[in-house]
Number of protein chains: 4
Amino acid sequence: MIPRYSRPDMTAIWSPEARFAIWFEIEAHATQALADLGTVPQSAAKALWDWWATKPQIDVAAIDAIEAVTKHDVIAFLTWVAEQVGDEARFMHQGMTSSDVLDTCLAVQLARASDLLLADIDALLEAIKRRAYEHKLTPTIGRSHGIHAEPVTFGLKLAQAYAEFARAKTRLLAARADVATCAISGAVGTFANIDPRVEAYVADKLGLTVEPVSTQVIPRDRHAMFFATLGVIAGSIERLATEVRHLQRTEVLEAEEYFSPGQKGSSAMPHKRNPVLTENLTGLARMVRGYVTPALENVALWHERDISHSSVERYIGPDATITLDFALARLTGVVDKLVVYPKRMQKNLDRMGGLVHSQRVLLALTQAGVSREDSYRLVQRNAMKVWESDGELSLLELLQNDPEVTAALPPEAIAEKFDLDYHLRHVDTIFDRVFA
Amino acid sequence: MIPRYSRPDMTAIWSPEARFAIWFEIEAHATQALADLGTVPQSAAKALWDWWATKPQIDVAAIDAIEAVTKHDVIAFLTWVAEQVGDEARFMHQGMTSSDVLDTCLAVQLARASDLLLADIDALLEAIKRRAYEHKLTPTIGRSHGIHAEPVTFGLKLAQAYAEFARAKTRLLAARADVATCAISGAVGTFANIDPRVEAYVADKLGLTVEPVSTQVIPRDRHAMFFATLGVIAGSIERLATEVRHLQRTEVLEAEEYFSPGQKGSSAMPHKRNPVLTENLTGLARMVRGYVTPALENVALWHERDISHSSVERYIGPDATITLDFALARLTGVVDKLVVYPKRMQKNLDRMGGLVHSQRVLLALTQAGVSREDSYRLVQRNAMKVWESDGELSLLELLQNDPEVTAALPPEAIAEKFDLDYHLRHVDTIFDRVFA
Amino acid sequence: MIPRYSRPDMTAIWSPEARFAIWFEIEAHATQALADLGTVPQSAAKALWDWWATKPQIDVAAIDAIEAVTKHDVIAFLTWVAEQVGDEARFMHQGMTSSDVLDTCLAVQLARASDLLLADIDALLEAIKRRAYEHKLTPTIGRSHGIHAEPVTFGLKLAQAYAEFARAKTRLLAARADVATCAISGAVGTFANIDPRVEAYVADKLGLTVEPVSTQVIPRDRHAMFFATLGVIAGSIERLATEVRHLQRTEVLEAEEYFSPGQKGSSAMPHKRNPVLTENLTGLARMVRGYVTPALENVALWHERDISHSSVERYIGPDATITLDFALARLTGVVDKLVVYPKRMQKNLDRMGGLVHSQRVLLALTQAGVSREDSYRLVQRNAMKVWESDGELSLLELLQNDPEVTAALPPEAIAEKFDLDYHLRHVDTIFDRVFA
Amino acid sequence: MIPRYSRPDMTAIWSPEARFAIWFEIEAHATQALADLGTVPQSAAKALWDWWATKPQIDVAAIDAIEAVTKHDVIAFLTWVAEQVGDEARFMHQGMTSSDVLDTCLAVQLARASDLLLADIDALLEAIKRRAYEHKLTPTIGRSHGIHAEPVTFGLKLAQAYAEFARAKTRLLAARADVATCAISGAVGTFANIDPRVEAYVADKLGLTVEPVSTQVIPRDRHAMFFATLGVIAGSIERLATEVRHLQRTEVLEAEEYFSPGQKGSSAMPHKRNPVLTENLTGLARMVRGYVTPALENVALWHERDISHSSVERYIGPDATITLDFALARLTGVVDKLVVYPKRMQKNLDRMGGLVHSQRVLLALTQAGVSREDSYRLVQRNAMKVWESDGELSLLELLQNDPEVTAALPPEAIAEKFDLDYHLRHVDTIFDRVFA
């Protein structure tokens with residue numbers, strides 16, 4: 001967890017205090033269920049909840065000190081709680097095993113983290129949508145391979161981003177469902193010493209579903225799927241960040257990250273305004289993706305479980321969710337405040353001497369009876385001249401002066417093909433598909 | 001693609017012939033749609049389908065030869081088809097761009113690959129279920145950390161695997177839906193020169209959904225999610241493979257891969273019977289997981305697209321699906337023919353001098369009024385003696401001779417806790433959850 | 001192995017014929033050493049080498065057919081050789097185990113692959129060096145964050161690439177040494193049935209060093225280091241490829257991949273000339289990097305060995321080396337034939353209205369007694385005006401008309417700071433460091 | 001950084017205070033060099049060092065507060081230092097750029113981290129060596145595929161680990177050299193405003209080498225190689241950890257992690273003693289390996305640099321080195337205190353009814369004139385009976401009663417082949433190779 005790339009709500013989920021509070025709730029709910037089943041006295045559950053109602057401060061240092069001796073974190077916690085609650089606490093954890101607490105707690109934490117991330121995505125979608133409609137018909141050049149292709153609109157670029165993050169949301173909802181399960185099934189998952197109804201009770205109280213079959217632990221394919229999903233979302237963040245980085249390049253400069261008063265782009269060069277936020281997002285995306293492989297390696301635990309996954313999750317549980325939360329919020333800010341330069345977009349659109357209209361002429365030639373091969377050759381030979389002139393020459397003029405072209409297509413018919421609006425006819429259709 | 005780890009049906013999906021056939025169908029369906037819209041003559045579509053009805057041999061070498069000049073695969077293909085079909089072919093590909101063909105073809109291939117993988121998972125689930133019911137009540141030791149914990153049944157181990165691969169199926173269905181989209185939207189996705197109804201028509205014919213917004217290419221977050229899902233499934237394969245490898249260890253030998261007549265385990269040591277299939281699966285899982293990261297890196301293409309993803313997909317499209325198909329089938333064979341040794345399972349269960357019953361005594365002591373801390377200490381001190389005797393001593397006898405223990409729990413009450421069946425009471429519940 | 005991304009020399013190393021030929025040489029050398037030690041008859045070694053001298057065709061299909069029964073590749077091979085050589089062949093493989101053959105063979109293959117890759121790097125270094133000297137003093141804008149910073153030369157960009165690939169060579173030499181070891185140490189590496197002198201003899205004949213301690217297998221940390229090194233080299237390829245992709249962007253167009261006659265950039269848009277080779281290299285780099293993780297996961301084999309690494313190496317042995325070989329050669333071609341546009345470089349350099357000289361004015365102000373903070377503020381406020389004018393305004397003029405600036409620095413002193421040559425004074429120093 | 005998996009010395013390297021202290025030293029050394037060259041007054045350098053001699057407390061919060069406005073960390077630091085030192089500080093950072101400070105600082109941190117890691121490896125090697133000699137001739141079964149193969153010694157297992165970590169040391173030394181370079185070359189690496197001699201001076205003072213050609217930043221292939229090397233070392237840690245985990249399995253129990261008084265293996269099962277340290281190491285290895293891919297992705301920065309690597313390094317710089325430092329120390333502790341059970345090793349060796357001697361009989365039969373194929377068949381058919389008896393039958397007796405075997409080899413000749421010491425003859429040779 002890097003403070004610079006962390007936000008408080010997500011960070012709080014992973015604090016020791018939050019973790020111990022969830023542990024307590026699991027234990028107390030389980031004790032209540034055991035009491036309702038007559039396995040332990042009702043007074044035991046009451047003692048726990050009564051103490052909890054006093055909103056006690058959880059003494060992390062004291063628990064850590066006990067763990068230093070027992071080398072077992074759950075036992076340390078139980079010991080400390082017993083010291084606070086007194087004798088009735090001995091009924092706590094009856095028939096349970098540590099993983100019942102640890103894994104169910106992780107499920108609660110990941111579900112809460114998912115909820116924050118889902119809210120982040122909603123905010124991002126909202127910002128993208130607003131800017132997409134704002135620039136629905138702002139023409140700009142579409143680029144494949146970094147090379148001018150044909151016109152699009154800036155709104156279309158954002159519509160694509162919207163659709164992508166809408167998919168991210170769908171995937172995250174599935175991933176959340178995958179990890180939000182509760183296991184209270186004992187030492188090897190057989191419910192040997194604890195009734196399955198306890199698990200159902202605790203699951204219900206915590207908003208989780210029951211794990212159908214656990215083996216002391218909740219199976220780690222669930223978590224692998226979760227972190228893999230975060231990795232895919234990080235990829236989508238990198239994509240939009242990369243778009244902004246490209247648009248802000250000096251030679252392109254069609255859009256720019258907001259540059260606040262007092263900000264300095266470089267310690268050496270006072271003229272600099274750099275896309276540092278989106279570059280930063282590119283790096284953060286690498287990290288979130290980097291956590292996917294350890295999560296995948298965590299699946300194949302030995303037999304009913306080994307504990308090799310645990311240290312991995314102590315890192316990536318917080319690091320992946322905190323980083324992604326920060327990245328989504330940062331991206332939302334970038335989109336929200338992005339400074340867009342429609343004039344520059346138009347200028348760039350025009351700078352290639354009309355090359356962006358080459359396809360329409362090609363098609364018109366084909367429709368006029370010229371073979372596809374010949375049509376391609378005719379247009380390409382004129383286009384290459386414009387290309388090599390760095391846009392000084394005009395494709396329209398060259399074509400209008402190429403007798404082989406005009407033999408099939410009169411000059412005015414060629415001119416008709418150089419029409420920007422033609423390319424924007426279906427923007428509404430696409431917006432309907434995306435935002436409807 | 002490694003022939004040794006490939007099966008013919010999946011391999012066929014990725015052959016050049018299959019790819020070109022799909023390309024043709026996309027082009028011919030699109031031409032038909034264009035004809036229906038009046039954009040091109042009906043004769044053009046008819047010419048294509050008439051030629052196709054002759055079941056022509058696709059001349060891969062000829063197409064490759066054209067590509068060597070044009071350095072563009074779709075143009076090479078179109079040129080070759082035009083040579084076969086004649087003049088009417090010039091209406092083909094009208095208003096389309098190469099990626100319309102390439103990306104929609106990849107969608108068809110990945111959808112077909114998914115169907116094979118789904119069938120693989122079904123077969124695996126079937127095999128696991130059969131063996132799970134066969135060994136529903138075959139007792140075996142549950143192990144955490146590789147150390148004996150408490151009894152489970154071999155059927156429970158398989159029930160866990162069943163639940164895990166049932167999740168794999170759900171995930172793969174979602175991943176299939178994610179990639180099975182059709183884009184026929186032109187050079188930068190604006191439908192500038194092609195009506196969106198063409199896309200809808202082709203999608204319908206090919207069993208795909210329409211891509212809401214494309215940018216020449218179908219967005220690669222879809223493919224990233226697909227390959228990430230395969231990586232998670234590979235993790236589940238590794239998990240079950242690792243279980244078998246452990247069970248076959250000389251000292252454990254509770255189950256064994258089928259060893260066929262004539263097979264040799266070692267060139268040097270004639271006594272060897274090695275779990276080579278599941279070790280192989282462990283390696284194959286590494287490969288399928290290894291393809292996840294390149295797929296994630298493919299998401300952030302530049303602007304409307306660059307072509308860096310293409311080479312990656314030429315590798316991982318076939319390699320990930322062919323390898324996973326082979327691995328799933330191999331795992332099904334392993335499960336299907338696994339030789340299970342219930343006697344050895346019982347022998348191993350018994351070898352720890354009853355240590356596996358330690359928890360029940362602990363709980364009984366707590367219920368008898370001893371503090372949790374003291375109960376733990378009493379049982380642990382006797383258990384450690386048994387542990388150090390390598391199972392020569394009996395935990396039951398030691399406890400029955402420990403006055404501090406018997407002060408709380410009479411010897412016959414202790415003996416009651418050493419009951420194997422107690423641990424199997426909830427097997428039905430779990431089987432209902434998993435297989436119902 | 002993707003034919004499209006493969007070159008014949010590297011591919012040949014991984015053919016079954018080449019593998020079996022190396023196997024034979026290992027077995028025959030070992031038999032000779034055993035004969036020299038008196039363990040087997042000299043006639044046995046002679047029979048093997050006599051047969052080999054007839055340059056026999058290796059019948060891969062026949063060997064595969066035997067393996068289908070034995071399920072063991074080395075035994076299948078030995079059986080086939082015995083069929084060819086006759087009775088004397090029974091002394092072959094005496095005291096050896098399959099891994100002695102397999103792992104030593106892999107060492108030979110990786111050493112040969114390294115030699116090809118080293119030659120590839122040499123060719124690349126040569127091409128880079130030639131172009132670097134050609135453009136040693138061709139001015140171009142240096143960019144940080146994609147934003148104009150200060151002038152560099154195109155030769156300096158290439159000098160950096162040269163230094164990076166010189167490091168790649170050093171690393172690959174180390175990686176080659178790491179994997180080029182020979183193990184002939186028997187079933188668990190104890191030399192139980194084979195004299196260590198046999199290993200030394202075979203190592204010497206094959207140009208390998210002796211593995212100090214093997215455990216049936218050569219330890220896989222060696223291979224992990226090898227493939228990790230290939231992954232780092234792939235990263236360097238991606239870096240230079242990315243530079244070219246950026247330079248070829250329409251708005252930048254300072255350099256371009258060679259575009260051959262007959263080549264087509266797009267099936268739809270005849271005006272396109274895309275950096276497809278370097279985009280392809282970006283994708284290939286992803287693949288080579290993707291093979292690093294499986295190689296790292298191969299290290300932790302169980303006990304003296306398990307065979308999970310084997311399938312992984314069947315993929316990545318060929319795939320990583322063949323892909324990297326192809327990529328290095330392709331990159332060499334790109335560099336060799338890169339079309340460079342010095343005029344466009346100068347035009348881009350000039351387009352920011354002199355902003356690239358902002359630092360020198362800042363420093364001059366500081367030296368003239370203005371505080372660093374104030375100097376920065378003075379230059380930044382003028383620079384931002386130029387920035388927002390898109391280079392229409394001139395930084396020099398603005399500064400010369402800013403009384404706060406001229407109070408410290410007279411106009412002519414400011415003008416002196418706008419000198420391009422000033423930035424090139426140390427190019428010789430850097431070239432000496434890199435190429436000396 | 002996870003406190004639980006961190007040690008203070010390594011953590012200290014990455015504290016803000018340590019980082020700012022290194023920044024100061026770089027700036028102060030550079031100012032001194034500039035003063036010696038006459039570029040700035042000697043009084044400027046003196047002012048800096050005089051202040052530093054007062055051992056000032058670095059006020060991290062104050063610097064952070066300035067950064068919140070400037071959004072630039074180095075400028076914030078310089079501003080704060082200027083506030084402390086006064087007017088003379090304006091000569092600081094003359095002609096330098098932020099990356100000169102940041103990258104050189106990172107080089108110092110990684111070099112220091114390497115030194116700690118090298119010391120860790122030395123300590124580990126020492127512990128392994130001691131235990132290796134202690135058990136040089138302790139017989140134990142060698143296992144391939146988890147299946148008994150032939151005898152080795154426990155010392156040989158450790159000799160292999162020693163050789164592997166000796167390689168780790170060599171690799172880390174190379175990786176350290178790769179990252180320990182100094183760049184003080186200005187905004188785009190041209191030394192436009194700073195003399196190259198300043199770089200040489202600072203490099204010398206900080207124990208670094210001069211970066212031959214930088215581009216504002218030190219090239220990131222260096223760091224990729226560094227982190228990849230840490231990943232390989234993590235693989236070696238996982239290998240030895242996995243060995244211990246296997247040895248501690250209940251059924252094997254040939255060695256055990258030290259179990260301290262008061263330690264509890266399970267909250268539910270008082271009988272448990274789990275290999276939690278080595279399982280933990282397995283997880284930590286996954287993390288260190290997981291950082292390799294982001295480091296590889298950091299190489300291809302845009303043009304002279306972008307800043308996407310920076311956030312990645314803020315994570316993996318500390319996380320990879322701190323985790324590896326902790327893991328190496330933990331592994332050293334495990335090796336140092338490992339409880340080894342030679343009796344159990346012997347018992348396991350004997351449990352297969354002599355199967356481990358099968359190869360010697362095979363070889364003897366071949367030498368006695370039986371064909372290799374027949375020899376294999378004869379031994380295998382008897383071995384399989386022993387295998388299926390779970391070691392109840394004796395291979396020696398079966399062979400001595402197989403007339404086809406005794407026809408070639410008299411019973412007493414067979415008996416000779418069942419000799420454990422035969423397998424240990426070359427232990428000295430191997431130890432000499434490894435430890436000499």
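Worth saying up front: this structure is predicted, and the values here are computed from it rather than measured. (Residues numbered from 1 in each chain as written. Chains lettered and ligands numbered in written order. Predicted model: local features only at pLDDT ≥ 70, side-chain atom pairs only at ≥ 80, totals over all residues.)

J.: Any details on the interface of chain A and chain D? Residues and values, ideally.
T.: Often, the extent of an interface is quoted as the loss of accessible area upon association of its parts. Facing 43 residues of chain A, the contacting portion of chain D comprises 44 residues. Of all the elements in the fold, those that place two or more residues in the side of chain A that touches chain D are α4 (60-70), α5 (73-85), α10 (276-290), α11 (292-297) and α12 (308-337) of chain A. In terms of residues, the side of chain A that touches chain D owes the most to one element, α10 of chain A, which gives nine residues. Of the residues contributing to the side of chain A that touches chain D, the split by class is 17 nonpolar, 18 polar and eight charged. (Contact = placed C-beta atoms within 7 Å. Helix = DSSP H or I, 4+ residues; strand = E, 2+ residues; numbered from the N terminus. Nonpolar A, V, L, I, M, F, W, Y, C, P; charged D, E, K, R; others polar.)

J.: I'd love a proper account of the confidence of the model for chain A, names of residues and values included.
T.: The share of residues in chain A with pLDDT of 70 or more is 100%, and the mean pLDDT across the chain is 94. For this predicted complex, the interface score ipTM comes out at 0.95, while the overall pTM is 0.96. (pLDDT = per-residue confidence, 0-100.)

J.: Account for the relation of the copies chain A and chain B, naming residues and giving values.
T.: Under the fitted operation, chain A is carried onto chain B by 0.0 Å of movement along the axis and a turn of 180 degrees, and the coordinates agree to an RMSD of 0.1 Å. One copy is carried onto the other by what is essentially a two-fold rotation axis. Relative to the rotation axis, the closest C-alpha in chain A is found at A228 of chain A, a distance of 3.1 Å. When the interface residues of chain A are mapped onto chain B, 99% of them again fall at the interface, so both copies present the same face. (Least-squares fit on C-alpha atoms with pLDDT ≥ 70 in both.)

J.: An account of the packing of helix α4 (residues 60-70) of chain C against helix α5 (residues 73-85) of chain C is needed here, citing residue identities and associated values.
T.: Residue and element names in this part refer to chain C. Across the interface, α4 lies against α5 with an axial gap of 8 Å and an inter-helix angle of 130 degrees. Judged on the interaxial angle alone, α5 and α4 are oblique. Seen along the crossing, α4 lies across α5 with a hand that is right-handed. Taken together, the residues of α5 that come into contact with α4 (itself represented by A62, I63, I66, E67 and T70) are D73, I75, A76, F77, T79 and W80. Class assignment for the residues of the contact of α4 with α5 results in seven nonpolar, two polar and two charged. (Axes fitted to C-alpha atoms, helices over the stretch in contact; angles between N-to-C directions. Parallel < 35°, antiparallel > 145°, perpendicular 65-115°, else oblique. Left-handed = near helix turned anticlockwise from the far one by under 90°.)

J.: Which residues make up the interface of chain A and chain B, and what are the values?
T.: Residue-level contacts link 70 residues of chain A with 69 residues of chain B. For the side of chain A that touches chain B, the secondary structure elements donating two or more residues are β1 (139-144), β2 (147-153), α7 (154-179), α9 (221-248), α11, α14 (358-367) and α19 (427-435) of chain A. No other element matches the 13 residues that α9 of chain A contributes to the side of chain A that touches chain B. Residue classes in the side of chain A that touches chain B are distributed as 29 nonpolar, 24 polar and 17 charged.

J.: Quick one: what's the story with the pairing of strand β1 (residues 139-144) of chain B, residue by residue and with numbers?
T.: Side-chain direction in a regular strand flips from residue to residue, so the side chains alternate between the two faces of the sheet. Residue and element names in this part refer to chain B. Counting buried residues in β1 gives six out of six residues, a clear majority hidden from the surface. Judged from the five bridges that link them, β1 and strand β2 (residues 147-153) form a sheet pairing that is antiparallel. Among the inter-strand pairings, S144 is bridged to a residue of β2, identified as I147. Between the antiparallel neighbours β1 and β2 lie two residues, among them H145 with a positive phi of about 60 degrees. (Buried ≥ 20, exposed ≤ 12 C-beta atoms within 10 Å, placed from the backbone. Pairing = 2+ DSSP bridges.)

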